Amino acid sequence: MPIEPTVLVLDGSGAPRAALTQRLRRMGYRALRAKTPEEAFALVEEARHCVTAALIPPDLAVRDLGSALESLSSRAPSGHISYVVVGAAPGEEAMAELRAAGLKLALWDPIDDARLRFQVNRALAGYDSEMLRRSEMRAPLELPAQVIQAGRSKEARVYTLSSGGVYLDTPRPAMRNTAIDVEIDFWPSPIRVSGVVAYTSVPGNLRRPNLPIGMGVKFQEVPETSLARMRRAVAEVSLSLMV
């Protein structure tokens, strides 16, 4: 039986990550915490773990960050680990050092559930390959939404958004191929778009473990003004998720 991919969470200087590790576990991820770089190496080398993603602090206590991360990756079963820098955003000098070490993905405080899930999924998928598979830029946006179907409205929340569609976090997703309208609570005015349910994640055999309960909606024709607003919002959030 294959080993489930594991997320490694490293403590920072004076920033224990026990709460973050537990948060990931509640989301359904297999997560391990390392209090020191030495403990991280030991966990990665254990055969019963399959570490493919790691959340690291911006102030990891190592002399040469790039070499340390390269060495840690080489000890993983796959020979590769995707890293996400997590914590308080550092100054420009420290940010430049992170980029020089080859780091790309970031989660700056405060971290909502949508961004946490989104970045962990990207890391587990392998960031570069995940980007190549996407025809449209998408980003996590924690926004209220309304699903309108047959004259009735029910509340939902946006998990991810692109100009081509939206994934809605809702306990009562509509059935696949259902035509619906989605109204997203954008500022300063809502955006309403027609769409079709492309897929769902529901409890049981149809649950997609990397997604909240809900549904993916493919947009139909989108007014140009709404398209521009969505693309701008997605681009702004996407930039905030990069080192």
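For clarity, every value in this text was computed on a predicted model and none was experimentally measured.

Trainee: What is the right way to read the environment of V84 from this model?
Mentor: Summarising the element assignment, V84 is placed in strand β4 (residues 82-87). Put simply, V84 and S153 are 69 residues apart on the chain and 38 Å apart in space, counted from C-alpha to C-alpha. Here V84 is in contact with A54, L55, I56, L105, A106, L107, Q119 and A123, once residues within four sequence places are set aside.

Trainee: Sorry, what's going on with the side chain of H49 here?
Mentor: You can see H49 is positioned in the loop between α2 (37-45) and β3 (51-56). One polar contact links H49 to R30, side chain to side chain, over a distance of 3.4 Å. Excluding its chain neighbours within four sequence positions, the residues that come into contact with H49 are I3, R30, L32, L43 and P77.

Trainee: Sorry, what's going on with the nonpolar core here?
Mentor: The tendency in soluble globular proteins is for nonpolar side chains to be buried as a group. Counting residues in each nonpolar core, the largest one holds 51 residues, and the members touching the most others are L55, L161 and L168. Beyond its immediate sequence surroundings of up to four residues, L168 is in contact with A145, V147, A156, R157, V158, V182, I213, G214, M215 and V217.

Trainee: Sorry if this is basic, but what is going on with the packing of aromatic side chains here?
Mentor: Describing an aromatic ring pair means giving the distance of the ring centres and the angle of the ring planes. Inspection of the entire model under this criterion finds two aromatic pairs. With a centroid separation of 5.9 Å and 90° between ring planes, the pair formed by Y159 and Y167 is classed as edge-to-face. With respect to burial, Y159 and Y167 carry one shared label: buried. The rings of Y159, Y167 and Y199 are connected pair by pair, giving a single aromatic cluster.

Trainee: Help me out: how do you make sense of the sheet that holds strand β2 (residues 30-34) in this one?
Mentor: Within a sheet, adjacent strands bond to each other through the backbone by hydrogen bonds, running parallel or antiparallel. If you trace the five strands from one edge of the open sheet to the other, you get β2-β1-β3-β4-β5, paired in parallel fashion. Here the strands that pair on one side only, and so sit at the sheet edges, are β2 and β5 (105-108). Direction aside, the axes of adjacent strands within the sheet are offset by 25° on average. Across four bridges, the pairing between strand β1 (residues 6-10) and β3 is parallel. From the neighbouring strand, V7 faces β3, where its bridge partner is A53.

Trainee: Honestly, the pattern of salt bridges in this entry has me stumped. Any pointers?
Mentor: Pairing is possible between side chains of opposite charge, provided their charged atoms come close. According to the stated counting rule, one finds seven salt bridges in the structure shown. Residues R75 and E45 are paired through a salt bridge, measuring 2.4 Å at the closest nitrogen-oxygen approach. Of this pair, R75 sits in helix α3 (residues 65-75) while E45 sits in helix α2, and the two are 30 residues apart along the sequence. With a shortest N-O distance of 3.1 Å, D181 and R192 are connected by a salt bridge. Residue D181 is located in strand β9 (residues 179-184), and its partner R192 is located in strand β10 (residues 191-201); the two are separated by 11 residues in the primary sequence.

Trainee: What am I meant to see in the environment of I184 here?
Mentor: Positionally, I184 belongs in strand β9. In this structure the C-alpha to C-alpha distance between I184 and A68, which are 116 residues apart in sequence, comes to 43 Å.

Trainee: What am I meant to see in the pairing of β3 here?
Mentor: Buried residues dominate β3, accounting for six of its six residues. Sheet analysis places β3 next to β4, joined by four bridges and oriented parallel. Paired with A54 across the bridge in β4 is Y83.

Trainee: For this particular structure, what's the right way to read the confidence of the model for the chain?
Mentor: Note: predicted coordinates in regions of low pLDDT should not be interpreted at a detailed level. For the chain, the mean per-residue pLDDT works out to 92, and 95% of the residues sit at or above 70. Looking across the chain, the model is least confident in helix α6 (residues 127-132), with a mean pLDDT of 58, and most confident in strand β8 (residues 165-169), with 98.

Thresholds, definitions, all that
- Residues numbered from 1 in each chain as written.
- Predicted model: local features only at pLDDT ≥ 70, side-chain atom pairs only at ≥ 80, totals over all residues.
- Heavy atoms only, no water.
- Helix = DSSP H or I, 4+ residues; strand = E, 2+ residues; numbered from the N terminus.
- Contact = heavy atoms within 4.5 Å.
- Polar contact = N/O pair within 3.5 Å; in protein donor to acceptor, adjacent residues only side chain to side chain.
- Core = buried A, V, L, I, M, F, W, Y, C linked by side-chain atoms within 4.5 Å.
- Buried < 20%, exposed > 50% of the residue type's maximum accessible area, 1.4 Å probe, protein only.
- Phe/Tyr/Trp six-rings, centres within 6.5 Å; stacked < 30°, edge-to-face > 60°.
- Pairing = 2+ DSSP bridges.
- Axes fitted to C-alpha atoms, helices over the stretch in contact; angles between N-to-C directions.
- Salt bridge = Lys/Arg side-chain N within 4 Å of Asp/Glu carboxyl O.
- pLDDT = per-residue confidence, 0-100.

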